[in-house]
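As a plain string of letters, each chain reads:
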Amino acid sequence: MSQPGIPASGGAPAGLQAQNGAASASGSLYSNGPVQNALMSSQVSVSEGYNSQLPGSYPHLIPAKTLNPVSGQSNYGGSQTVSPLSNYQGPGQTLYRPPVASNPVTPSLHSAPVPRMPLPTSHNPATTPMPSGSFLPGANVHPPLNWQYNYPSTGSQTNHCPPASSQPTISGNTNLTSHQYVSSGDPSFQNNFIKSGIASNTNNGSMVVHNSYDEIEGGGFLATPQHTNKNPTMSRSVGYSYPSLPPGYQNTGPPSTTGMPPSSLNYSSGPQGFTQTPLGANHLAASMSGLSLHPEGLRVINLLQERNMLPATPLRPPVPNLHEDIQKLNCNPELFRCTLTSIPQTQALLNKAKLPLGLLLHPFKDLVQLPVVTSSTIVRCRSCRTYINPFVSFLDQRRWKCNLCYRVNDVPEEFMYNPLTRVYGEPHRRPEVQNATIEFMAPSEYMLRPPQPPVYLFVFDVSHNAVETGYLNSVCQSLLDNLDLLPGNTRTKIGFITFDSTIHFYSLQEGLSQPQMLIVSDIEDVFIPMPENLLVNLNESKELVQDLLKTLPQMFTKTLETQSALGPALQAAFKLMSPTGGRMSVFQTQLPTLGVGALRPREEPNQRSSAKEIHLTPSTDFYKKLALDCSGQQVAVDLFLLSGQYSDLASLGCISRYSAGSVYYYPSYHHQQNPVQVQKLQKELQRYLTRKIGFEAVMRIRCTKGLSIHTFHGNFFVRSTDLLSLPNVNPDAGYAVQMSVEESLTDTQLVSFQSALLYTSSKGERRIRVHTLCLPVVSTLNEVFLGADVQAISGLLANMAVDRSVTASLSDARDALVNAVIDSLSAYRSLVLSNQQPGLMVPFSLRLFPLFVLALLKQKSFQTGTNARLDERIFAMCQVKNQPLVYLMLTTHPSLYRVDNLSDEGALNVNDRTIPQPPILQLSVEKLSRDGAFLMDAGSVLMLWVGKNCGQNFLSQVLGVQNYALIPQIMTDLPELDTPESARIIAFISWLREQRPFFPILYVIRDESPMKANFLQNMVEDRTESALSYYEFLLHIQQQVNK
Ligand SMILES: [Zn+2]
């Protein structure tokens, strides 16, 4: 398939030939290494001019300084305005994109805040002065600026990427080819950029091929039928011959889940016309009359009278007010949800509601059931590249209308055959049109290069401090235990680097009798000794790898080296991984002190409790720059910080944030003194090492014409316009985006959102996971409020508040959170409620809004008046940004249960296990009693508080002790006793743990335990020295609302 004969026209050094082959040459020339035939054909198509399918012709317009319309290519009047400035990553990664078919560039877009360097606010023309303490810009602000941060990045978060016209100085790393940062779109501009980026770039001056990932996922070049035909060897014969092929539909799930045979996939079977889903106006009208809202949902509540609104069962997301035939096809809210399940028709209406509009995604979540389609034809809209989905409409058997841009598309011949029913002529019953969540096996056009092998590089701190913690034992043992479970195949590669003041490499070449250690002491200019033997095939060198893992913990036990050259070690690791990409797992136990990226302590304990003057911004841009280099080479960096002292996570965390990695934090990790952390690390490593992983991924979120996504939250890099670059994607990561209504939606009753995640599986398959969400459009403020999703709103606000904390200040972020409640409830009171009653009137949908915001204010990220360590606060902020909503909410507002009297009443039955379901209690000490035991589930930690007068039965039958005084000070496990009481609580706790991918530690807390303060700190409704009680908070809100 590959074409080794094609000269590499890019400037990549010879050693990097095989790396990311994003094309930077024209026509059939490629910048880096081997490429695929099919890719060529797709790129040839550029010059053949599939006018209607330009990348960026719809979704990825980004206004910026460089506005060069792509003449004669764009469907939409040359509004292709992509700029490398889009690579700017402010905390919120603010981007704009105009809707399809809008005026080429609207004025507001011209001035979009995509600054290239941090500028004073006033220097950015698009920066709307924002009143302090509000997420909302001032009155009369231009709609798109609503609900977003416009402050340029502060501190050292400089833009990594130069403007088109300047010399790119991509973090001074000459290995890096520039194409990773090239936006798609304007060829002339790209040429310019590439030429200036790499001196040796020999592209021939003709039209430059675009950033290929952009092109592949979002671009428009890869029309399916044309290209599959061009490359018959890659395309499978489909259509009539389909049944003879291997099963086209695989009901795949995670291993050991209950995969069902294809035949049991229950696609709706009733007879359907070609308007297969009732998307017509009449249906919608019907849905309006039969409001899916419970009558309860229409209630107006006076929170001062009825403030105990917390349901006894977990809060469910609201169901969009759609006809049931549509709703039953809709995306699972665990994967994809919107802050407003009824979308306001206009930005003006959204502005009135004062609620944030945005999406929360958990796109790569482990799924028990996931339809997988293998077909050479992936049907997408020719205009906007939306994947066909359940919410398109079929005009007739041969034509379908896109639900995002409304273009009418042809149904390809292959799509006429339904492999599931084996019937020809019912495209509307294909699984693609019956499932809002689906995965495609991507044909070769979706590859830039042969899919990369799974590559895992481990980077270990082996300084004296690190050895003291004893973590190496745990990690190496865990790796040994899970070596065969690492996701991968026969191509899996693995390598190790250790470092203190020097960097140590390990040759694991097959045939060696033992691993060979190579020490590089020049940390100023790190080089890689014998690169070919450092990342080795895991199968071929498994014994050497095992040898190394067994000896590594002992190798440094006598070390006296206290220095830490983390920065140079990361540079070395990056160089080593550049040719392939992959996952880098870094274990660090202290502040880096040597070489590039060295940091200084800057935490001042006296100021911990103050909301001002704390260092939330990175002190150097080294880690961010390196992360962007990593991102460009498809390397993600996961950071495991095990440190008892301040380690400047604000700076270190950037390495993971921008490379789409994850941060794990184990404060005060010690193998003897802190057995709880040891257990936690071990459990989480097991998950980490064995969970699903996607490599060289990109994600794009599209929405119906008229809506616009402008700010992204999560760990990634916005490579070009709204294409999120995810060198790795993992099933435990969440994302959020903010949106605005760019154009009135008066002509439509439904809008859709679609996320598409293109990735390489650990088995080397290119796959695309697509989720599509459909929501109704409403024209009245009351409907907007009725459809509000309070959890999603709180989650999005939390993300926004993290950004605000960094760009402005913590106190500003806190004010903005409070004002979000005040503003929306004031709007509701003044604009929706006709008669002005006293009290704090809220719509049922927002009955928990003040409580959740109060909980956010008391959350570790935003709390004041406590002695929270800076790194712990930063870590909490990382979690806000990177966690799926469900865990974020649990961390913010934990669930409290009484567990000394568990019964089987209302219990769940899961796989023949009986799981008690005690009611959820409000977070107030009023709900506690000394004769009981209460379990608090705070997401990453479970706390079981045992009251002083707790019944003897519980003590002996559950805790296994004879009296209260015998409960150990530190108790993190419940004994498995042969009693029904013990069985019930253990079943309940196990069930809670199974619900999440990380391992919550259980602390048994008696009255004198030091942990009791943590338990009480989560009592959100109670007053503390520095924070209001829930009731006081409600009074405060009421005062402000009724002003
Ligand atoms: Zn479309």
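Residues numbered from 1 in each chain as written. Predicted model: local features only at pLDDT ≥ 70, side-chain atom pairs only at ≥ 80, totals over all residues. Heavy atoms only, no water.

Student: Help me understand the environment of Glu-976, please; the structure alone is not making it clear to me.
Tutor: Tracing the sequence through the fold places Glu-976 in the loop between helix 24 (952-959) and helix 25 (980-994). A sequence separation of 10 residues divides Glu-976 from Ile-986, and the C-alpha atoms of the two residues are 7.5 Å apart. Setting aside anything within four residues of it in sequence, one finds Glu-976 in contact with Ser-982 and Ile-986. (Helix = DSSP H or I, 4+ residues; strand = E, 2+ residues; numbered from the N terminus. Contact = heavy atoms within 4.5 Å.)

Student: How do you make sense of the sheet that holds strand 25 (residues 735-741) when you look at a structure like this?
Tutor: In a beta sheet, neighbouring strands are held together by backbone hydrogen bonds and run either parallel or antiparallel to one another. Strand order in the open sheet made by the four strands is 3-5-25-22, with antiparallel pairing throughout. Each edge of the open sheet is held by one strand with a lone partner, namely strand 3 (336-338) and strand 22 (707-713). Strand-to-strand, the axes of this sheet are offset by a mean angle of 25°, without reference to chain direction. Inspection of the sheet shows strand 3 paired to strand 5 (residues 358-361) by three bridges, in the antiparallel sense. Its bridge partner lying in strand 5, Phe-336 is registered against Leu-361. (Pairing = 2+ DSSP bridges. Axes fitted to C-alpha atoms, helices over the stretch in contact; angles between N-to-C directions.)

Student: Looking at this structure, how should I read the environment of Asn-418?
Tutor: Mapped onto the secondary structure, Asn-418 falls in strand 10 (residues 417-418). The exposure class of Asn-418 is buried, given its relative accessible area of 0%. Within the local environment of Asn-418, its side chain forms a polar contact with the backbone nitrogen of Leu-420, the two atoms lying 2.9 Å apart. (Buried < 20%, exposed > 50% of the residue type's maximum accessible area, 1.4 Å probe, protein only. Polar contact = N/O pair within 3.5 Å; in protein donor to acceptor, adjacent residues only side chain to side chain.)

Student: I keep staring at the coordination of the zinc ion and nothing clicks. Help me out?
Tutor: Tetrahedral metal sites with four donors have an ideal angle of 109.5 degrees; octahedral sites with six donors have ideal angles of 90 or 180 degrees. The zinc ion binds to the protein through Cys-381 (SG), Cys-384 (SG), Cys-402 (SG) and Cys-405 (SG), with metal-donor distances spanning 2.3 Å. In this structure, the zinc ion is coordinated by four donor atoms arranged in tetrahedral fashion, with angles at the metal of 99 to 115°. Each donor residue of the zinc ion belongs to the same chain, with the gaps between them written as C-x2-C-x17-C-x2-C. Of this pair, Cys-384 sits in the loop between strand 6 (370-374) and strand 7 (393-396) while Cys-405 sits in the loop between strand 8 (399-401) and strand 9 (408-410), placing them 21 residues apart in sequence. Cys-405 matches Cys-384 in its accessibility class, with the two residues each being buried. (Donors = N, O, S within 2.8 Å, 3.2 Å for Na, K, Ca; no water. Tetrahedral: all angles 85-135°; square planar, octahedral: opposite > 155°, others 65-115°.)

Student: Looking at this structure, how should I read the sheet that holds strand 34 (residues 941-946)?
Tutor: With mixed pairing, five strands are arranged side by side in an open sheet as 32-29-33-34-35. A single partner strand is all that each edge strand has here, and the edge strands are strand 32 (920-921) and strand 35 (1001-1005). Where strand 29 (residues 895-898) and strand 32 come together, two bridges link them in antiparallel fashion. Across the sheet, residue Tyr-897 finds its bridge partner in strand 32, namely Ile-920.

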